[in-house]
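Each chain, written out:
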Amino acid sequence: MNINPGLQSIPSKVQLEQIDIRSLGKEKIRELYRAGKIPTPEAILEEIVTRAAKEGFRFIHFEPMENMLHIRYGNYDFLKDVVSLPVNLTENIAGIIKIKAGINAFEKRKPQRGKYTLNIGPMQFSLAVNLIAVNAGERITIDMLNKNAELPALQELGLQDTNLEQYKNLISRRNGLILVTGSKDSGKSTTVYASLKHLKSKENNIVTVEDRQEYQLNFATQIIVTPEVGLTREEALKALLQQNPNVALISEIDDNETVSNAIEAVLRGSLVFSTMISRDAISAIPRLLGLDISPYQLSTGLIGVAHQTFVRKLCDSCKESYTPDPAEREILGNTGESDVQLFRAKGCEHCHGSGYSGRTAVFEILTINDELLDAIFQHASFSSIKDIARKHGYVDIRDDIVNKVKSGITSVEELIRLVGN
Ligand SMILES: [Zn+2]
């Protein structure tokens, strides 16, 4: 896994293996309790969270069972068994997490959410807690974000060639709204933060409005929406405009107020980044119009849409090269080149047998122009809008995946999984 080197010197205070009910059995656990040798629930939780951070995991799953509390760590493509704790810790640990995350301890039926910040060694983590009642207690997932993680450069995100060039052109404009779209977990925020990093300079006044601080930026003013202390989203957006930024980030557009404020900031001269859930880059535009903004606001504000998703990267330790058959070559759209070599997943100990290791983003970048907007306002068909976009350098996400298949980064299997054939 991606072990976190900055945290390795933190000692373990609790040996989780020594209280694992699967290896010890109930009788031995009872003995430990009688001898007072079971650490406190607070200490056990601290160890679970610290160890996840040290080992570079993103998720912690607390899964209550009838006779134990099962703990697993996860990343997007891998789950690891950590420990199974004595069942009487289930409620105690849930109780502590709820207090830390500001979750109502008395509500036992509805799913609940909360968050808290935690310092581990020199790093600060943002922990988002999700909780749902199940038969044996409450199933809890903690999503841990390292706010001090190094931000990638634009080309490290998976932006290449034409896409990289087009995106750099967009973000070098002085004002306008740039939307980064994708599904819920598609790396949109990282792209936006990496864009801000690309633009950091003495001349740029960068201000953000965020619901959850995912990175700590030492070159920007970050306004974090905190309704508990009266800083609502509305107040935060107002404050952003007053700060007169020339570069702004407004996280997640899904209502009229947010998009109107974003466009207002553009009209006042800012380059504004925002994120939105969308199926593809073109669909983001009707979606924006659905938020009740006028075609005029849209055409004066929006300058570009970057849409992205993740593909799994082939494991470099075990991927094997092969000559694709004609059917596969046709999927890739190059029936002529019969000597092309591709790579496919095999599986080894580095990738836990999956053949894949890590992910990279794939993109489509849509630069907005009048011809395109006219077609959209006249409700032209999706394919004719796409044709216009292509004339102006747009490459759809399938083509970007094909490029990454051809360069051995990912496989035909991934292409088919994501976009069909
Ligand atoms: Zn491997």
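First things first, this report covers the structure right here in the doc. Keep in mind the model is a prediction, meaning the values are calculated, not measured.

### Some thoughts on unusual backbone geometry
Phi is positive for Asn244, which is not a glycine, with a value near 50°. Within the secondary structure, Asn244 is located in the loop between helix H6 (233–242) and strand E10 (247–250). Of note, the phi angle at Glu252 is positive, near 50°, even though the residue is not glycine. One can find Glu252 in the loop between E10 and helix H7 (256–267). Take Glu252: there are 17 C-beta atoms within 10 Å of it, and that puts it in the partly exposed class.

### Digging into helix H4 (residues 161–171)
All of the buried residues in H4 are Asn163, Gln166, Tyr167 and Leu170. Mapping the buried residues of H4 onto a view down its axis gives an arc of 95°, with all of them on the same face. Tucked inside the fold, the buried residues of H4 contact strand E7 (176–182), strand E12 (302–314), strand E15 (356–367) and helix H13 (397–406).

### Remarks on the environment of Ser23
Relative to the helices and strands, Ser23 resides in helix H1 (residues 21–34). Considering only alpha carbons, one finds Ser23 and Ser84, 61 residues apart in sequence, at a separation of 9.0 Å.

### Topic: the nonpolar core
In terms of nonpolar packing, the biggest core is built from 72 residues, with Leu177, Ala262 and Val272 touching the most fellow members. At seven residues, the largest contribution of residues to this core is made by E12.

### Re the sheet that holds strand E5 (residues 123–134)
Pairing is antiparallel across the open sheet formed by six strands, whose spatial order is E3-E2-E1-E6-E5-E4. The sheet is open, and its two borders are formed by strand E3 (78–86) and strand E4 (112–120), each paired with just one other strand. Recorded for the sheet is a direction-independent mean angle of 20° between the axes of neighbouring strands. In the sheet, strand E2 (residues 68–75) pairs with E3 via eight bridges, with the strands oriented antiparallel. Across the sheet, Asn75 pairs through a bridge with Phe78, a residue of E3. Set on the sheet, H1 makes contact with E2 and E3; between it and E3 the angle comes to about 10°.

Thresholds, definitions, all that
All chains use their own residue numbering, which begins from 1 and follows the written sequence. Side-chain atom pairs in this predicted model are given and counted only at pLDDT of 80 or more, local residue features only at pLDDT of at least 70, and totals for whole chains, interfaces and linings cover all residues. A helix here means a DSSP run of H or I that spans at least four residues, while a strand means a run of E at least two residues long, and both kinds are numbered starting from the N terminus. Backbone-placed C-beta atoms define the burial measure: a residue is buried with 20 or more other C-beta atoms within 10 Å of its own, exposed with 12 or fewer, and partly exposed in between. Our arc is simply the arc of the directions from the helix axis toward the C-beta atoms. By the criterion used throughout, residues are in contact when their C-beta atoms, derived from the backbone, lie within 7 Å. Take the buried Ala, Val, Leu, Ile, Met, Phe, Trp, Tyr and Cys residues, join any whose C-beta atoms are within 7 Å, and the set you get is a nonpolar core. A strand pair is defined by DSSP finding two or more bridges across the two strands. Structural elements are reduced to axes, namely lines fitted to C-alpha atoms, with helices fitted over the stretch in contact, and the angle between N-to-C directions of any two is expressed from 0 to 180 degrees.

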